[in-house]
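So the chains spell out like this:
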Amino acid sequence: MSESNKVLKEIMAGSPMRIAISVLLGFAIGSIFMAAFSDSVVASYATFFSTPGDTFRAAGQTIVDGYTALFNGSIVNLQADNPVSMFRPITETLRLAAPLIMAGLGVSLGFRVGLFNVGGTGQMVMGLLGATWVSTRMSMPYGIHMVVALLVAVIFAAGTGALVGFLKAKTGAHEVIVTIMLNYVAINLFTFFLRQPNLLLEHGGGGNPKSDPPALTAQFPHLLGDSFQLNLGIILAIGAAFVYWWLMERSTIGYRFRMVGHNASAAKAAGISVPKTYVWAMAVSAAFIGLAAANQGLGENSGLTASIHANIGFDAITVALLGGSRAGGVVVAGLLFGAFKAGSPAMQIMGVSPEVLGIIQALIVLFVAAPPLIRAIFKLPKAEVK
Amino acid sequence: MKLELRGITKKFGSLVANDHIDLVVMPGEIRSLLGENGAGKSTLMNVLYGLYQADAGEILLDDKVQTFKGPGDAMAAGIGMVHQHFMLIPVFTVAENVVLGNEPVNGIGALDLETARARVKEISDRFGFNVDPDALVEDLPVGVQQRVEIIKALSRDAKVLVLDEPTAVLTPQETDELMQIMRELAKAGTSIVFITHKLREVQAVADKITVIRQGKVVGEASPKESASKLATLMVGREVDLKVDKKSMKTGSVVLSVENISVLDEREQRAVDGVSFEVRAGEILAIAGVQGNGQTELAEVLLGLRTSIKGSGSISLDGKVLGHVSVRHHLEAGIAYIPEDRNKDGLVSEFSIAENFMLDGSYGKPYAKGININFAERDRISKKLIQEFDVRTQSAATPAGKLSGGNQQKVVVARELSRGVKLLIASQPTRGVDVGSIEFIHERIVAERDAGRAVILISTELDEVLALADRIAVMYRGKIVGIVDAATSREQLGKMMAGIAA
């Protein structure tokens, strides 16, 4: 094997480099979508053969403008005239990243036990149902109310996850099928609750399925005063990442989770109950997702509709894949996709459709999840040597 | 047909599996490829069969250079292969299996089973195979299934027949029959490549022996050479084929199995009314051809399977082990070396240290509450790696990167360090190099000398005879008899075929 091959092989074996390539590639392809159909570029097509430089200049300008808007919208707004609007973007990124990180940790935990938890949505919605009940139908003192609502969200979500694990362990039903079906059940159940005046429908509300706003005592406190929306969620997310790291890397529980994930039959021979592990792992996975539910349900000060889950359950899969199911990776991936969410309106103002960011997000994950594809594009050797 | 391999080289990354191998097999010759597991025999044959492309070198048939893009090309050129694991469809008849992939059709494109049947019959009669073309493969004994594989190869006009470890699944008698068949085929002009690591068989049937070690041909030998000479050639140093064993000092009964029956996945009685006892300080070997219930017996002893309710009992130190969890069995004092370490014994993605604590994650010394005690684990790992001579850079190396012998030493180290009453060692040296075999054998005997009860489940008669104090022979889920270790090979062979002593 040649020396250069060896270097490349090592680069590819180390995933940070591969992920960096994937991210850059995602942005590069996103640029094409951004530029190719923008007004100024399309206008220059007419004169493409006489002055092709115009087209490239226009395209370059569009791309620079677009990504500048993304930066201004998600990190620091350099055009702002006061510190609040200058730094609001980064706080928005953190706020929007928080639920992605928490749910991403949940999906990651499933991955490491060999479970594909695509039921984030259902587990979140069940968590929301519980949290909304506590936050709109019960009254408790400040502080306690929020903690109880948070715990109920986690417990409801974890219970839903445990049910999936139980069905898998007892009947052999595949978790992907069960979780997808439970997504429908949960969303419809939540909407049903939101429609019934005796259940969760807002007081004096009409026919629209919508709840009361969560009680002030149950809302997540803002961290930086009321000029910023950033709330407790990001602290919970960082805390969750620490707990996840400790659980998976340092504790015997996570060790057994990983053992079952890698080789269930060796785990069985080592005296570990694989069915019980599935139930527990699904419960803990969903518990992290329940934190994201609490973030959605208690981070608002207006009434909730069923769409409050904001597809975070699915986005969490991309976060987990990009983050390599590691605590640190999930935090970084959550921040990246949180920044996308935060920057999307600013890009839209620049005439870039927000779907471009969705495409970039999907492409990044596609490239990360398909190492052979990346290898083929760059003609890189196989990392695994047998 | 004359087969010639010239300078075959095959690399996997930095590993050179075959290093300029030359081999000539004349028509009608039986050539043994002798070498340890991992020496590169199977890789070489997979190159020959078109499953791998060689990095260098060429294959010649009757002095003409061949290029095989896949097994289809190799078959068309006249090469037939009988794999260690049969490629047969159990619910098809012999005739259907033989023509699979090469089906004769009649005028309207329908399968012409008559022709298929006739083809099987013709080959079977010519070489005295005695195979019924209409029998379902799943109903046939393993030895006969192997003949079906051979018929399959011959029906495609194979002039060169490769047999990859063909005797692993056979009784000694079936092995003798296979050798007879090999001689018949050779007489009819077929060139045979016989891959094995069993010296006795090589001596019995080969015309010439090519010894491969670490991907290289290290020499040719005549079958008349002594076994120890051949072993030395194969391993590259002097080998002690004998295991030193003191006379046994047995103690009280540790394990008592009474009338146990177990169902397998197909609801068949894999273990059928088995009873035996094992005392402290003795090795009870359970001999038998693979697939006669030994696997299921081992698994029921560990609690991985449950016996049929009410069928009997298993007791350890006088206490009945009921239908309880594997963990309960392990904690009651049973150590288990599984027959398939990659499936049941190791997590190949885990580091060596993590593999040491596989069944020790619930308490001391590896756990402190629900935290892993990393310092203690590192200390123990270092000690075990040294004590059991695991060849590795560090305890952080993933187990999957180790050689078979070193992987097995990790399993053995973990199980023997637990300080148990009963050791169940199932095929403890399968796929392990000779050096590691010697080491593992010594450790098993040391366990016995330290007063533990040992059950050795092995399909290798040599291993059974080297280690056992008493030998129980299993056949179709029953114990045919429990005999003294001094019993003759012939007698044991008969018992392995189901004939009681």
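These figures come from a predicted structure and were not determined experimentally.

Secondary structure assignment for chain A yields 16 helices and zero strands. The C-alpha atoms of chain A give a radius of gyration of 23 Å, which matches the 21 Å a tight globule of 386 residues would have. A burial count over chain A gives 51% of its 386 residues as buried. Accessible area of chain A: about 17,200 Å², with a carbon and sulfur share of 68%. When the 23 positive and 16 negative side-chain charges of chain A are each reduced to one mean point, those points stand 17 Å apart.

The next point concerns the interface of chain A and chain B. With 23 residues of chain A at the interface, the matching set in chain B holds 30 residues. Roughly 2,200 Å² is buried in total at the junction of chain A and chain B, and carbon and sulfur atoms are behind 58% of that figure. By the criterion of area lost to chain B, the three top residues of chain A are A:T252, A:Y255 and A:A269, representing 25% of everything that side buries. In this structure, A:R258 engages B:E354 in a salt bridge whose closest nitrogen and oxygen atoms are separated by 2.9 Å.

Moving on, we get to the environment of B:Y49. Residue and element names in this part refer to chain B. For Y49, the location among the structural elements is in the loop between α1 (41-48) and β4 (56-61). Sequence separation of Y49 and F68 is 19 residues, and the distance between their C-alpha atoms is 7.5 Å. Sequence-distant contacts of Y49, defined by excluding residues within four places in its chain, comprise G70, P71, A74, M75, I79, G80, M81 and H83.

Below, the discussion takes up the domain arrangement of chain A. Accessible area lost on assembly of the parts is the figure often given for the size of an interface. Residue and element names in this part refer to chain A. According to the domain assignment, chain A contains domain 1 (1-74 + 352-386) and domain 2 (98-344). Between the C-alpha centres of domain 1 and domain 2 there is a distance of 32 Å. Carbon and sulfur atoms supply 77% of the area that domain 1 and domain 2 bury against each other, a total of about 1,100 Å² over both sides. Considering only the side of domain 1, the residues that lose the most area to domain 2 are L357, Q361 and V365, jointly responsible for 42% of the buried surface there. At the boundary of domain 1 with domain 2, the tally comes to zero salt bridges. Counting across the interface, domain 1 meets domain 2 through one residue pair in polar contact (both at pLDDT 80 or more). Of all the secondary-structure elements, those providing two or more residues to the side of domain 1 that touches domain 2 are α2 (15-36), α4 (52-74) and α15 (355-369). When residues of the side of domain 1 that touches domain 2 are assigned to their parent elements, the largest contribution, seven residues, is made by α15.

All names here are of chain B. Domain annotation of chain B identifies domain 1 (3-235) and domain 2 (253-333 + 420-496). Distance from the C-alpha centre of domain 1 to the C-alpha centre of domain 2: 33 Å. Between domain 1 and domain 2, the residue contacts involve 14 residues of the former and 15 residues of the latter. Each partner contributes to the roughly 1,100 Å² buried at the junction of domain 1 and domain 2, and carbon and sulfur atoms together form 53% of this total. Seen at the junction of domain 1 and domain 2, the total is one salt bridge. Linking domain 1 to domain 2 there are zero residue pairs in polar contact (both at pLDDT 80 or more). Residues that form the side of domain 1 that touches domain 2 fall into these classes: six nonpolar, four polar and four charged.

This part covers the sheet that holds strand β21 (residues 470-475) of chain B. Residue and element names in this part refer to chain B. A sheet is described by the order of its strands in space; here six strands give the open sequence β16-β19-β20-β13-β21-β22, paired in mixed fashion. Edge positions in the sheet fall to β16 (334-337) and β22 (478-484), since each has one partner strand and no second. Across this sheet, the average inter-strand angle for adjacent strands is 15°, counted without regard to direction. Along the sheet face, helix α14 (residues 404-416) touches β16 and β19 (422-426) and points at about 175° away from the line of β16.

Right, let's talk about the side chain of A:T179 for a bit. Residues and elements named next belong to chain A. Assignment of secondary structure puts T179 in helix α8 (residues 175-195). One polar contact links the side chain of T179 to the main-chain carbonyl oxygen of V176, over a distance of 3.1 Å. Those residues in contact with T179, other than ones at most four positions away along the chain, are F116, N117, V118, G119, Q123, V164 and M282.

We now examine a nonpolar patch on the surface. All names here are of chain A. Together, I32, F33, F37, V42 and Y45 line one region of the surface with nonpolar side chains, adding up to about 530 Å² of accessible area. Those elements that provide at least two residues to the nonpolar patch are α2 and α3 (39-45). Examined against the element boundaries, V42 turns out to sit in helix α3. With relative accessibility at 40%, the residue V42 sits in the partly exposed group.

Criteria and thresholds
All residue numbers refer to positions counted from 1 along the written sequence of the respective chain. Note on labels: chains are lettered from A, ligands numbered from 1, in written order. Per-residue local features are limited, in this predicted model, to residues with pLDDT of at least 70; the limit for side-chain atom pairs, both in listing and counting, is 80 or more; totals at the level of whole chains, interfaces and linings are taken over all residues. Excluding hydrogens and water, the side-chain values take into account all heavy atoms of the structure. Starting at the N terminus, helices and strands are each numbered in turn, a helix being any DSSP run of H or I of at least four residues and a strand any DSSP run of E of at least two. Here the radius of gyration uses the C-alpha set of atoms, whereas the globule reference equals 2.2 Å times the residue count to the power 0.38. Note on exposure labels: buried denotes an accessible area under 20% of the residue type's maximum, exposed denotes more than 50%, and partly exposed covers the range between, all computed with a 1.4 Å probe on protein chains only. Using a 1.4 Å probe, the Shrake-Rupley method yields the accessible areas, and only the shown protein chains count as cover for residues. Only four residue types enter the charge count: Lys and Arg as positive, Asp and Glu as negative, with His and the chain ends excluded. A charge is said to be at NZ when it belongs to Lys, at CZ for Arg, at CG for Asp and at CD for Glu. Contacts were defined at the residue level, with two residues in contact if any of their heavy atoms lie within 4.5 Å. Computed with a 1.4 Å rolling probe, the buried area is the accessible surface lost when two parts are put together, summed over both parts. Salt bridges are defined by distance alone: a side-chain nitrogen of Lys or Arg within 4 Å of a carboxyl oxygen of Asp or Glu. Marked domain ranges trace back to an automatic or database domain assignment. By the criterion applied in these results, polar contacts are pairs of N or O atoms within 3.5 Å in which, for protein atoms, one can donate a hydrogen and the other can accept it, and in which residues neighboring in sequence qualify only through two side-chain atoms. Amino acids are sorted into nonpolar (Ala, Val, Leu, Ile, Met, Phe, Trp, Tyr, Cys and Pro), charged (Asp, Glu, Lys and Arg) and polar (every other residue, Gly among them). Strands qualify as paired when DSSP identifies two bridges or more between them. Convention adopted: a line fitted to C-alpha atoms gives each axis, helices being fitted over their contacting stretch, and angles between N-to-C directions are expressed from 0 to 180 degrees. A patch is a set of surface residues, each over 30% in relative accessible area and not in a salt bridge, joined within 9 Å for like charges and within 5 Å for the nonpolar side chains Val, Leu, Ile, Met, Phe, Trp and Tyr.

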